[in-house]
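Understanding the architecture of this molecule
Residue strings, one per chain:
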Amino acid sequence: MDLRQLEYFVAVAEERNFTRAAERVHISQSGVSAQIRQLERELGAELFDRSARTVTLTVAGKAALEHARATLAAAGAVGRAVDGVTGLVRGRLAVGMVIGCTLTPLFDALAAFHEAHPGVEILLLEDSSDRLVEGVRTGALDLALVGTAATTPDGLDALTIVSERLVAAVPAGHPLAKRRRVTLPDLMGHPIVCMPTGTGLRTVFDQACAAQDLRPAIALQASAPDAIADLAVRGLGVAVLSESMAANHRDRLTARTIDDVETPALLALIWKSAPNPAVRELLGHSRRAFT
């Protein structure tokens, strides 16, 4: 009995079909069948009922399945433990990034990681912050750069990259440009251009408005800060941005900190506790890149 036979056994049990199991483990159907037969001879019992169109587990097969899965999981844990000691990183790393992000240090970190560990496949996915957080929680993503309110998402670890106040940005000649200070009630008489629901900046803005029982008129939404700025420049609404986002357009827009929104918008790297070696390595590169 070897791990390969157990892998094939679990594949057939889960797929309930030898052909699909063979495709899953990337060998021929006859190869899978031969290995399963050999395993059955070694155990002295048939593991599958092959009499119907769909392959089903026998009583012996059901008894063996849980132990086979546990054995494969334990073997994987041994490999990961050794990798953690030796620094060897392999496999695949799934990274999420909030839509509209323009922070190049993340790309620098990914490039440094790839140079150090060329055998690791890197996948990069853009999505809303809410969906990225859920992806990290479910394990679909290993690490994500998200926008969030001033709290770390429950059950996850985080490294804050940016923490900034919200500002209202308007073109020259706009009534708010003449004010020395701006509050949320001041914005209620104007159309608002901002990030969509599910982003960290929008969450901070919505929570602050709800706390004062204010209902802003969201005229336009865009995921990219530059698009929000362009819309505001054209007089289509007051842009609600973070300080650094607005600073990139100081030649076209006048920014005023929204005084009564004290909760900052955060940009943070998030991951599950006790990360695997690949995530630990990328976190190290990320800390250096963002510093």
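That block above? That's the structure.
Small disclaimer: the values here were computed from a predicted structure and weren't measured.

Some words on the nonpolar core
Leu166, Leu184, Leu187 and Phe205 are the most contacted members of the largest nonpolar core, which has 33 residues in total. For this core, the secondary-structure elements that each account for two or more residues are β7 (166–170), α7 (184–187), β8 (191–194), α8 (200–211), α9 (225–233) and β10 (238–242). If we ignore the near neighbours within four places in the chain, the residues touching phenylalanine 205 are Leu166, Leu184, Leu187, Ile192, Pro216, Ile218 and Val240. If you look at the next biggest cluster of nonpolar residues, it comprises 28 residues, including Leu110, Val136, Leu141 and Trp271.

Description of the layout of surface pockets
Size it by volume and the largest pocket reaches roughly 470 Å³. Elements supplying a minimum of two residues to the lining of the largest pocket: β6 (156–164), α8, α9, α10 (243–247) and β12 (265–272). When residues of the lining of the largest pocket are assigned to their parent elements, the largest contribution, 3 residues, is made by β12. Across the lining of the largest pocket, the residue classes tally to 12 nonpolar, 10 polar and 2 charged.

Focus: unusual backbone geometry
Working note: non-glycine residues mostly have negative phi, and peptide bonds are mostly trans. Here the phi dihedral of arginine 16 falls at roughly 60 degrees; this positive angle occurs in a residue that is not glycine. Inspection of the secondary structure puts arginine 16 in the loop between α1 (3–15) and α2 (18–25). Arginine 16 gets classed as partly exposed once you look at its relative accessible area, which sits at 43%. The phi torsion at histidine 26 lies on the positive side, around 65 degrees, for a residue other than glycine. Inspection of the secondary structure puts histidine 26 in the loop between α2 and α3 (29–43). The class for histidine 26 is exposed, based on a relative accessible area of 72%.

Basis of the calculations
- Residues numbered from 1 in each chain as written.
- Predicted model: local features only at pLDDT ≥ 70, side-chain atom pairs only at ≥ 80, totals over all residues.
- Heavy atoms only, no water.
- Core = buried A, V, L, I, M, F, W, Y, C linked by side-chain atoms within 4.5 Å.
- Buried < 20%, exposed > 50% of the residue type's maximum accessible area, 1.4 Å probe, protein only.
- Helix = DSSP H or I, 4+ residues; strand = E, 2+ residues; numbered from the N terminus.
- Contact = heavy atoms within 4.5 Å.
- 1 Å grid on protein atoms, 1.4 Å probe; cavity = no way out; pocket = protein on both sides within 12 Å on 5 of 7 lines; lining within 4 Å.
- Points joined across faces, edges and corners; volume = space filled by probe spheres on them.
- Nonpolar A, V, L, I, M, F, W, Y, C, P; charged D, E, K, R; others polar.

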